[in-house]
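Understanding the architecture of this molecule
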Amino acid sequence: MIITLNPLTKKIEVEQICSQLKHLEIEVNELPHRPDISLLLYGVITEDKLEIIRRLPRVVRTENIQMPYHRASKQLHPEASIIQVGNVKVGGGHFAMIGGPCSIESPMQLQETANYVHAAGANMIRGGAFKPRTSPYSFQGMGQSGLELLSEVGEDLGMPVVSEVMSIDQIDLFDNVDMFQVGARNMQNFDLLKELGKTSKPILLKRGLSATIQEWLMSAEYIMSEGNEHVILCERGIRTFETMTRNTQDISAIAAIKKLSHLPIVIDPSHAAGKRDMIESLALAAVAAGADGLIIETHPHPEEAVSDGEQSLYPDQFTALTEKVWKLHQFMKTL
């Protein structure tokens, strides 16, 4: 439940109200993101307690929380969140263009990719050090050494870096990584989400292969309920009956998230398409629909990539796409 106080309520009066509510065994948190003076109440609120709450001095309105995801909801946080990732802002009109390889394969491969990603005008680098693969015999990533390479390259170029964390015991290895990525397969790994919620690092939360939008937002809520509100959602395509693409990019998810939540949403057309010749169309469609960023797989030699080569853009393709993305993003801001 949310209670709204008279706008002239003094700080000491707010503290007194919070103390009275705690005596009723109700947990209280102030809501700093709303334009009015509002308190978020948690606990069992019986009819008797509700009557007491409504009679408290300075209380002008009570309202039930309409969505099961509280902290991710616009009801608690009406304005769009702006998430700071290193020196890059995401959301609220700020756009993230993230590029890099699916897997970090070698220092030379990562450095070459990062150089042209930076030169193209992207503002963040992605690279997988730990890779969840469908086959146990496929390349699983370079592990900790890959993370070290990624952080070194990012520091040299002055660009934030993002990489996927797969388990709780890997979290401490990401000290020099600017943003955790939670992959689609781990979207409902609730133990991992809760531990990430205890950190202060931004988290890119990918939508599960068959997850509904509400399930996706509830996963974000797991992170935010532990105190970390720096969550960026990532739509990476969902599994449907269609076989022409690897997954189906859900453009409607952008409009739905913008209506329901204050969290930024980034689109991953690489995993949605699974084919490099479709990525540009899907990427530009996402920008036009209001996405807060893109995450694009690119490799200097996709035909030699150890993972996802068929959906990785060549350097010149990535450069051309980045130029179009920034132009379209600027145009959309004028409308």
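Higher on the page you've got the structure.
Just so you know, these numbers come straight off a predicted model, no measurement behind them. (Residues numbered from 1 in each chain as written. Predicted model: local features only at pLDDT ≥ 70, side-chain atom pairs only at ≥ 80, totals over all residues. Heavy atoms only, no water.)

The four strands are arranged 2-3-1-4 in an open sheet whose pairing can be described as antiparallel. Edge positions in the sheet fall to strand 2 (27–30) and strand 4 (59–63), since each has one partner strand and no second. Neighbour-to-neighbour, the strand axes of this sheet turn through a mean angle of 25°, independent of strand direction. Direction of pairing for strand 1 (residues 2–5) relative to strand 3 (residues 37–42): antiparallel, over a ladder of four bridges. Residue pairing for strand 3: threonine 4 is matched across the bridge by serine 38. The strands touched by helix 2 (residues 47–55) within the sheet are strand 1, strand 3 and strand 4, with strand 4 carrying the most contacts at an inclination of about 145°. (Pairing = 2+ DSSP bridges. Helix = DSSP H or I, 4+ residues; strand = E, 2+ residues; numbered from the N terminus. Axes fitted to C-alpha atoms, helices over the stretch in contact; angles between N-to-C directions. Contact = heavy atoms within 4.5 Å.)

So, on to the pairing of strand 1. What you see with strand 1 is no split at all: Ile2 and Thr4 on one side and Ile3 and Leu5 on the other are buried throughout. Of the pairings in the sheet, the one linking strand 1 to strand 4 comprises four bridges and is antiparallel in character. Across the sheet, residue isoleucine 2 finds its bridge partner in strand 4, namely glutamate 63. (Buried < 20%, exposed > 50% of the residue type's maximum accessible area, 1.4 Å probe, protein only.)

A surface patch of negative charge is lined by Glu148, Glu152, Glu155 and Asp156. Tracing the backbone through its elements, the reader meets glutamate 152 in helix 4 (residues 144–157). (Patch = residues over 30% accessible without salt bridge, like charges linked within 9 Å, V, L, I, M, F, W, Y side chains within 5 Å. Areas by Shrake-Rupley, 256 points an atom, 1.4 Å probe, with all protein chains shown as cover. Salt bridge = Lys/Arg side-chain N within 4 Å of Asp/Glu carboxyl O. Lys, Arg positive; Asp, Glu negative; His and termini not counted. Charge placed at Lys NZ, Arg CZ, Asp CG, Glu CD.)

Counting through the fold element by element, serine 270 comes out in helix 8 (residues 269–273). The exposure class of serine 270 is buried, given its relative accessible area of 0%. Excluding residues that lie within four positions of it along the chain, serine 270 makes contacts with Ile279, Ile295, Ile296, Glu297 and Gln311.

With five of five residues buried, strand 7 (residues 96–100) lies mostly within the body of the structure. Of the two faces of strand 7, the one holding Ala96, Ile98 and Gly100 and the one holding Met97 and Gly99 are both buried throughout. As paired elements, strand 7 and strand 14 (residues 293–297) share five bridges and run parallel to each other. Its bridge partner being in strand 14, isoleucine 98 is matched across the sheet by isoleucine 295. The pairing of strand 7 with strand 8 (residues 124–126) spans two bridges and is parallel. Across the sheet, the residue bridging to glycine 99 is isoleucine 125, located in strand 8. Since strand 7 and strand 8 lie parallel, the crossover through helix 3 (residues 107–120) that links them has a hand, and here it is right-handed. (Right-handed = clockwise from strand over helix to strand, strands pointing away.)

With the rule as written, the count across this model stands at five aromatic pairs. For the ring pair tyrosine 116 and phenylalanine 318, a centre distance of 6.4 Å and an interplane angle of 65° mean the geometry is edge-to-face. Placement of the pair is tyrosine 116 in helix 3 and phenylalanine 318 in helix 10 (residues 315–334), with a sequence separation of 202 residues. Assigned by exposure class, tyrosine 116 and phenylalanine 318 land together as buried. Connected via pairs of aromatic rings, a cluster forms that spans Phe130, Phe174 and Phe180. Here the guanidinium or amino end of lysine 201 rests over the ring plane of phenylalanine 180, the centre of that ring lying 5.8 Å away. (Phe/Tyr/Trp six-rings, centres within 6.5 Å; stacked < 30°, edge-to-face > 60°. Lys NZ or Arg CZ within 6 Å of the ring centre and 35° of its normal.)

In this section: the nonpolar core. By size, the foremost hydrophobic cluster in this structure holds 59 residues, and its most contacted members are Met97, Leu205, Trp216, Leu233, Leu294, Ile296 and Phe318. Among the elements that line this core, the one with the most residues is helix 6 (residues 213–225), at six residues. In this structure leucine 294 touches Phe95, Ala96, Met97, Ile98, Val266, Ile267, Pro269, Ala283, Ala286, Val287 and Val325, once residues within four positions along its chain are discounted. Core analysis: the next-biggest nonpolar cluster, separate from the first, contains 16 residues, Ile17, Leu24, Val28 and Leu50 among them. (Core = buried A, V, L, I, M, F, W, Y, C linked by side-chain atoms within 4.5 Å.)

Read once around its circumference, the closed barrel built from eight strands follows the order 7-8-9-10-11-12-13-14, with strand pairing classed as parallel. If you compare each strand with its neighbour and ignore which way they point, the axes differ by 25° on average. Those strands touched by helix 7 (residues 252–260) are strand 12 (231–235) and strand 13 (265–267), and its axis lies near 170° from that of strand 13. Sheet strands touched by helix 10: strand 7 and strand 14. Its angle to strand 7, the strand with the most contacts, is close to 175°.

A full pass over the atoms with the stated rule returns 15 salt bridges. With a shortest N-O distance of 3.4 Å, arginine 58 and glutamate 13 are connected by a salt bridge. In this pair, arginine 58 sits in the loop between helix 2 and strand 4 while glutamate 13 sits in helix 1 (residues 11–23), placing the two residues 45 residues apart along the sequence. Given a relative accessible area of 21%, glutamate 13 falls into the partly exposed group. As a salt-bridge pair, arginine 55 and glutamate 51 come within 3.6 Å of each other at their nearest N and O atoms. Here glutamate 51 and arginine 55 lie together in helix 2, a separation of four residues that amounts to about one turn.

Three or more residues of helix 7 are buried, namely Ala253, Ile254 and Ile257. With its buried residues spanning 105° around the axis, helix 7 presents them on a single face. For helix 7, the exposed residues lying more than 90 degrees away from the buried face are Ala255 and Lys259. (Arc of directions from axis to C-beta.)

Everything listed is a geometric property; what it means functionally is a separate question.
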